[in-house]
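Structural features, examined
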Amino acid sequence: MSVLARVRPDLAQFSAYASARRSGFNAHIRLDANESPWDRNGNEDDPAANLNRYPSPQPEALRARLAQIHGVDTQRLWLGRGSDEAIDLLLRAFCRAGRDNVVAPTPTFGMYRVGAQLQGAQFRTLALSADDDFALDPDKLLALVDADTKLVIVCSPNNPTGTLYHGDAIDRLAGSLAERALLLVDEAYIEFADVASASELIDRHANLAVLRTLSKAHALAGARIGALIAREEIIDLVGRIAAPYPLPTPSVAAALAALSPESLIQTQARIVTLVAERERVVRALAACTGVRKVWPSAGNFVLARFVDAQATFARLLDAGILVRDVSAQPGLAQCLRITIGTATENTALLDVLVGAKP
Ligand SMILES: *Cc1c(COP(=O)(O)O)cnc(C)c1O
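Structure report, in brief. (Residues numbered from 1 in each chain as written. Predicted model: local features only at pLDDT ≥ 70, side-chain atom pairs only at ≥ 80, totals over all residues. Heavy atoms only, no water.)

Secondary structure summary: the chain contains ten helices and eleven strands in total. Against the 2.2 N^0.38 benchmark of 21 Å for 358 residues, the chain shows a C-alpha radius of gyration of 22 Å, consistent with a compact globule. Going through the 358 residues of the chain one by one, you find that 51% of them count as buried. If you take every contact in the chain between residues at least 6 apart in sequence, the share linking residues at least 24 apart comes to 67%. Total accessible area on the chain stands at roughly 16800 Å², and carbon and sulfur atoms take up 52% of it. (Helix = DSSP H or I, 4+ residues; strand = E, 2+ residues; numbered from the N terminus. Rg over C-alpha atoms; globule rule 2.2 N^0.38 Å. Buried < 20%, exposed > 50% of the residue type's maximum accessible area, 1.4 Å probe, protein only. Contact = heavy atoms within 4.5 Å. Areas by Shrake-Rupley, 256 points an atom, 1.4 Å probe, with all protein chains shown as cover.)

Here E233 shows up in helix α6 (residues 232-241). Relative accessible area serves as the criterion here: at 30%, E233 is assigned to the partly exposed category.

Evaluation of the coordinates by the stated rule reveals four aromatic pairs. Pairing Y54 with Y245 gives two aromatic rings, centres 4.3 Å apart and planes at 20°, and the pair type is stacked. Taken together, the positions of Y54 in the segment before α1 (60-70) and Y245 in the loop between α6 and α7 (249-258) put the pair 191 residues apart, joining distant regions of the chain. Judged by its relative accessible area of 19%, Y245 falls in the buried class. Where F134 meets W295, the ring centres are 5.3 Å apart and the plane angle is 55°; that geometry is what we call tilted. Taken as a pair, F134 in the loop between β3 (122-127) and α4 (138-142) and W295 in the loop between β8 (291-294) and β9 (301-306) lie far apart in primary sequence, 161 residues in all. Residue F134 shares its accessibility class with W295, and that shared class is buried. One Lys or Arg, R337, reaches over the ring of F301 and ends 5.9 Å from the middle of that ring. (Phe/Tyr/Trp six-rings, centres within 6.5 Å; stacked < 30°, edge-to-face > 60°. Lys NZ or Arg CZ within 6 Å of the ring centre and 35° of its normal.)

Bringing the packing of helix α2 (residues 82-94) against helix α3 (residues 111-118) into the picture now. As a packed pair, α2 and α3 sit with axes 9 Å apart at the nearest point and diverge in direction by 40°. Where α2 crosses over α3, the handedness of that crossing is right-handed. Along the contact surface, α2 presents D84, I87 and L91, while α3 presents M111, Y112, G115 and A116. (Axes fitted to C-alpha atoms, helices over the stretch in contact; angles between N-to-C directions. Left-handed = near helix turned anticlockwise from the far one by under 90°.)

Read these as geometric descriptors, not functional statements.
Written as structure tokens, this is what we have:
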């Protein structure tokens, strides 16, 4: 049996919307998709060229390039409108409303709970402890899994704590869940961490799926492009239930440009800069009188506990600096999440915090 047997039974025979562009015919006169015959922009080099035509459901050049960069088979990669879309589609594909559940450690990325609730699935959480630096015991997470658990989601590096869970924990979880549930590992920030992607384990674990995004290290949050990496049968399933043309043509052009060899060299240099800046911010924050604790981070952000998070948030805002107030999340009282910016931006932040009384 495979984890695919855990897909909603009513979707087992689900057939995709048969869009014109899915059929793969080759023709120079296209009268198949009710498009306008006139291109508003005749310049082929312009990203706005060809906008009169629907894009490919899975733009081949981008799919192949991302698969190459991530070291996976093209058939094992699905492109979506940000990784948020892949999260949403997996929840929809697997979870029966009112019956099934999803398991995740918290605190974590809020979209998992939102997506689960929208699908009518219960969101079960294992509360990790700030005192324990948000350490994850796989056995405790597995203890929440029952016959109606369809997905287990682990974000690593975790947003908003910055904690890294790669290594044995992922392998153990995937192995224990095997045919019972899909293990979804969200690697939105992995470029800032010094670890190999969990996608290397997909050969061993058919129930493992990995999320990557162009929104963070690749500086394309506005393009809305994410990737799901998983076994072919899971990719096929997601492709069948997805909207016919998820990726806008200009976004695909922007992504291809951002993934050129020259751009990747620049991206790599910026990652090195951000990681060095992150370590500088962590050290400087730890020395501030108004800061109680700073957690080590493997992402492009830092989580810190303040003596008075609200006052700190307000003081920063007075200086025109916006950070994320995460203090309402369970276990994160008095905590703020600070994204690492340019050296100038980080210095501006530290200038406000260093001199401040608690
Ligand atoms: C930012 C972020 C993403 C990226 O989502 P996109 O839809 O690809 O922009 C995914 N997961 C986590 C945990 C994030 O913080």
